[in-house]
Amino acid sequence: MEKTDAALKVENLRKVYAKDGKKAGTEALKGVSLTIRSGEFFALLGPNGAGKSTIIGILSGLVTKTEGLAEVNGLSIDTYPEKAKSFIGLVPQEFNFDIFEKVINIVLNQAGYYGIPRAEALPRAEKVLKDLGLWEKKDSTAQALSGGMKRRLMIARALVHEPAILLLDEPTAGVDVELRRGMWDFLRELNESGTTIVLTTHYLEEAEMLASRVAIINKGQIIEEGSVKELLTKLNFVTLLLDTTEPVKDATMHLLRELKLERIDETTLKLTLKPGETVNDAIRKIAATGIQIANVRNSGSRLEEVFVNLIEKDT
Amino acid sequence: MTRSPILIGFYTMVRKDFRRIVRIWSQTLLPPAITMALYFAIFGTFIGSQVDAIHGFPYIQFIVPGLIMMSVITSSYMNTVSTFYFAKWIRTIDEILVSPMPSWVVIAGFVSGGLIRAFLVGLIVIGVSLFFTHLTLFSVGVIFAAAFLTALLFSLLGLINAIFAKSFDAINIVPTFVLTPLTYLGGVFYSIDQLPPLFQTVSLFNPILYMVNAFRYGFLGISDVPLSLAFEVMGGLTLLAFIVTIILFKRGAGLKQ
Ligand SMILES: Nc1ncnc2c1ncn2[C@@H]1O[C@H](COP(=O)(O)OP(=O)(O)O)[C@@H](O)[C@H]1O
Ligand SMILES: [Mg+2]
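Basis of the calculations
Residues numbered from 1 in each chain as written. Chains lettered and ligands numbered in written order. Predicted model: local features only at pLDDT ≥ 70, side-chain atom pairs only at ≥ 80, totals over all residues. Heavy atoms only, no water. Salt bridge = Lys/Arg side-chain N within 4 Å of Asp/Glu carboxyl O. Helix = DSSP H or I, 4+ residues; strand = E, 2+ residues; numbered from the N terminus. Buried < 20%, exposed > 50% of the residue type's maximum accessible area, 1.4 Å probe, protein only. Pairing = 2+ DSSP bridges. Axes fitted to C-alpha atoms, helices over the stretch in contact; angles between N-to-C directions. Contact = heavy atoms within 4.5 Å. 1 Å grid on protein atoms, 1.4 Å probe; cavity = no way out; pocket = protein on both sides within 12 Å on 5 of 7 lines; lining within 4 Å. Points joined across faces, edges and corners; volume = space filled by probe spheres on them. Nonpolar A, V, L, I, M, F, W, Y, C, P; charged D, E, K, R; others polar. Donors = N, O, S within 2.8 Å, 3.2 Å for Na, K, Ca; no water. Buried area = accessible area lost by both parts, 1.4 Å probe. Polar contact = N/O pair within 3.5 Å; in protein donor to acceptor, adjacent residues only side chain to side chain. Core = buried A, V, L, I, M, F, W, Y, C linked by side-chain atoms within 4.5 Å. Phe/Tyr/Trp six-rings, centres within 6.5 Å; stacked < 30°, edge-to-face > 60°. Expected span 1.5 Å × (residues − 1).

Colleague: What am I meant to see in the pattern of salt bridges here?
Modeller: Working definition: two side chains of opposite charge can pair if their charged atoms are close together. All names here are of chain A. Tallying each qualifying case throughout the model produces 23 salt bridges over all chains. Here E170 and K52 are joined by a salt bridge, their closest N and O atoms 3.6 Å apart. Here E170, found in the loop between β7 (165–169) and α6 (177–192), pairs with K52, found in helix α1 (residues 52–60); they are 118 residues apart in sequence, far enough to count as distant. You'll find E170 and K52 in the same group, each marked buried. E162 is the partner of R124 in a salt bridge, and the nearest nitrogen-oxygen pair spans 3.9 Å. In this pair, R124 is assigned in helix α4 (residues 118–131) and E162 in the loop between α5 (147–159) and β7, connecting sequence segments 38 residues apart. On the basis of relative accessibility, which here comes to 55%, the residue E162 falls in the exposed class. Bridged by salt links that share partners, the residues R37, E40, R213 and E225 form one connected network.

As structure tokens, then:
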């Protein structure tokens, strides 16, 4: 066996979902190859239906692959399914616990399924529930939890067997901004303490904030992969927001049609520089039409531009 | 390692289901007690008093073993079909599928739930029957062996049903259209000696006949079919059901996409 420090590795992964009644089978993955190193914080970024959950499902043993290779810590999931599973903790996209069960039992049962004796499971459950701010709720049934708490319960459940690799499928969907930041801090700490993390998201800021490496997936194919920094420099996108002193007229916009310029509202323009174009050039052209620029701002998520652009190119 | 992780996983599944069975006792344990009390009262006492003895036993004594078996069959089947289908439906089954427990342990876990419920219900129904008649024990070993094999078989069949089921309707079709008729025709209420020859022959193709008769033999020492054949049928079918379940699990049929 080849010695490798890859925590997860997939090669030419294909997945065709079986036909459902009249609906033809969907080819959800069209040959995906990825290597995620041990200790990495990796984000799988892509729009809805890109195939993110399918990859996570295959790695965690919930979805059967059609073709290709998948390894966890160098062990093939076909040859050593049980051993491979023992390394992984999964936080699925949809809630999937028994809502009539008590919070503490959900975590303890999961520990049991992973073969952890009760005496050891109890302190572990206490720790993960405390870490995720759910200890006070330990005797509530899961249905009594708020949406954000349910998410955190799924994280606690996934961590009770102290997995080396944590897979999170859109963990912050439906979680409000404040809690989301709390969750980010928690995941960052977890990663710093050595857990390999793979997180899927269609939420760009999340990938940018957390991940050291990102793969962008669209329609079952990886279209870009690298560090966040690499992705940004590679695509060299700069987007600026310009506040004008007066409303910009349609006619003026027409004059400036050679620029990649968008009117966000009457007095705000969004300027995206094309490769090779300088800020100076663009501003001079805009000013030449008589527009007074009061202020120039950096537009929010730069990765978003990369992302949207890549996906547009791909379609 | 003090205890095997596999045993811990198995024990976790069993405890969870045991607690569920007890927690919702009014759905799991009470209904068979009521139904069987009605059967004992109506068929055994009211009608039975006007029916001739069968093989020298009063009618109520003759039907009690069959009715206990009927509740064992129903409760084991219903337990696995409903827990497994429910787990599939709300996807808690994923908690188990992502864990390193091998398929056969997962099957054993679900099946044990069916066995436990069948055992509890069996005891309760025996208790209820004592209000209507006294029980003779001919062979406790045969009683246990027949009840165990039957509960095991129907727990597995419930699991297979749930694996294929795509709706709640689908988990009721088999109990209603297959199990109940086969049980009624399986010699619970009569000895097949009393049937015309053609129906005697047809009855021999009904596997439940063998279970009911073996079980009844344990109480009364009488059987319409040879005891060894009865155990061969039960053992063979159980083994077959186990193999089918294992194959389905390995393939992830109805579980994995
Ligand atoms: N169980 C399923 N049966 C059939 N098609 C599916 C199933 N699950 C997902 N798909 C299809 O596969 C594609 C990828 O889905 P998914 O992996 O869930 O994407 P994502 O998680 O990126 O939103 C989509 O086109 C989706 O409709
Ligand atoms: Mg998804």
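Colleague: For this particular structure, what's the right way to read the sheet that holds strand β10 (residues 221–227) of chain A?
Modeller: Consider a sheet: its strands pair through backbone hydrogen bonds, and that pairing is either parallel or antiparallel. All names here are of chain A. Overall, mixed pairing links the six strands, which are arranged β6-β7-β8-β3-β9-β10 in an open sheet. Whereas interior strands pair on both sides, the edge strands pair on one side only; in this sheet they are β6 (88–91) and β10. In this sheet, neighbouring strand axes are inclined to one another by 15 degrees on average, regardless of whether the strands run parallel or antiparallel. Note: β7 against strand β8 (residues 196–201), five bridges, orientation parallel. Directly across from I165, in β8, lies its bridge partner T196. With respect to the sheet, α1 is in contact with β3 (41–45), β6, β7, β8 and β9 (213–218), its orientation differing from that of β7 by roughly 145 degrees. Sheet contacts for α6: β3, β7 and β8; angle to β8, the most-contacted strand, approximately 150 degrees.

Colleague: I'm lost on unusual backbone geometry in this one. Help?
Modeller: Most peptide bonds adopt trans geometry, and most residues besides glycine take a negative phi value. Residue E170(A) is not a glycine yet carries a positive backbone phi of 50 degrees. The backbone phi angle of H55(B) is positive, close to 45 degrees, even though this residue is not glycine. Within the secondary structure, H55(B) is located in the loop between α3 (30–47) and α4 (59–89).

Colleague: So what exactly am I meant to see when it comes to the layout of surface pockets here?
Modeller: Empty space among the atoms becomes apparent when a probe as large as a water molecule is rolled across them. All names here are of chain B. If you add up the space inside the largest pocket, you get close to 1,000 Å³. Taken together, 42 residues make up the lining of the largest pocket; nearest its centre are R20, T28, M78, S82 and R117. For the lining of the largest pocket, the secondary-structure elements that each account for two or more residues are α1 (5–23), α2 (25–28), α3, α4, α5 (93–97), α6 (103–129) and α8 (170–188). The leading source of residues in the lining of the largest pocket is α4, at ten residues. Residues of the lining of the largest pocket, tallied by class, amount to 21 nonpolar, twelve polar and nine charged.

Colleague: Just checking my understanding: could you explain the coordination of the magnesium ion (ligand 2) for this structure?
Modeller: Six octahedral donors around a metal ideally make angles of 90 or 180 degrees; four tetrahedral donors ideally make 109.5 degrees. In the first shell of the magnesium ion (ligand 2), the protein supplies S53(A) (OG) and Q93(A) (OE1), at 2.0 to 2.2 Å from the metal. With S53(A) in helix α1 and Q93(A) in the loop between β6 and α3 (103–113), this residue pair connects regions lying 40 residues apart in the sequence.

Colleague: How do you make sense of the interface of chain A and chain B when you look at a structure like this?
Modeller: Interface size is commonly expressed as the accessible area that is lost once the parts come together. Across the contact, 29 residues belong to chain A and 23 residues belong to chain B. Note on chain A versus chain B: buried area summed over both sides is about 2,500 Å², and carbon and sulfur give 54% of it. Linking chain A to chain B there are three salt bridges. Our count for the contact surface shared by chain A and chain B stands at five residue pairs in polar contact (both at pLDDT 80 or more).

Colleague: Explain the nonpolar core here, please?
Modeller: Generally speaking, nonpolar side chains in soluble globular proteins are found buried as a group. Core analysis: the biggest nonpolar cluster contains 155 residues, and L8(A), L153(A), L166(A), L167(A), V214(A), L67(B) and F84(B) have the highest contact counts within it. With 16 residues, α4(B) is the largest single contributor of residues to this core. Listed in part, the 13 residues of the second largest apolar core include L240(A), L256(A), L269(A) and L273(A).

Colleague: What is the right way to read empty space enclosed by the protein from this model?
Modeller: Applying the stated criterion to the full structure yields four cavities of 30 Å³ or more. Lining the largest cavity, in full, are L90(A), P92(A), N96(A), Q110(A), Y114(A), R157(A), A158(A), H161(A), D94(B), E95(B) and V98(B). Residue assignment for the lining of the largest cavity shows that the elements contributing at least two residues are α5 of chain A together with α5 of chain B. For the lining of the largest cavity, the per-class residue count stands at five nonpolar, three polar and three charged. Empty space within the second largest cavity amounts to approximately 50 Å³.

Colleague: It is not clear to me how the packing of aromatic side chains should be interpreted in this structure. Could you clarify?
Modeller: Any aromatic ring pair is given by two values, namely how distant the centres are and how the planes are angled relative to each other. All names here are of chain B. Counting across every chain of the model gives 13 aromatic pairs over all chains. Look at Y85 and F168: their rings are 4.9 Å apart centre to centre, the planes differ by 80 degrees, and that puts the pair in the edge-to-face class. Here Y85, found in helix α4, pairs with F168, found in the loop between α7 (140–164) and α8; they are 83 residues apart in sequence, far enough to count as distant. Take Y85: its relative accessible area is 4%, and that puts it in the buried class. Seen in terms of ring centroids, F86 and W89 are 6.3 Å apart; in terms of plane orientation they differ by 45 degrees. Their pairing is tilted. Of this pair, F86 and W89 both sit in helix α4, separated by three residues, roughly a single helical turn. Looking at F86, the relative accessible area reads 27%, which means it is partly exposed.

Colleague: Whenever I open this one, α4(B) confuses me. Can you help?
Modeller: Because an α-helix completes one turn every 3.6 residues, residues spaced three or four positions apart along the sequence face the same direction. Residue and element names in this part refer to chain B. The end-to-end C-alpha distance of α4, which contains 31 residues, comes to 44 Å, matching closely the 45 Å that a straight helix rising 1.5 Å per residue would cover. Judged by how many residues are buried, α4 sits mostly within the fold: 26 of 31 residues are covered. Among the residues trailing α4, R91 stands out with phi positive, at a value near 65 degrees.

By themselves these figures say nothing about function.
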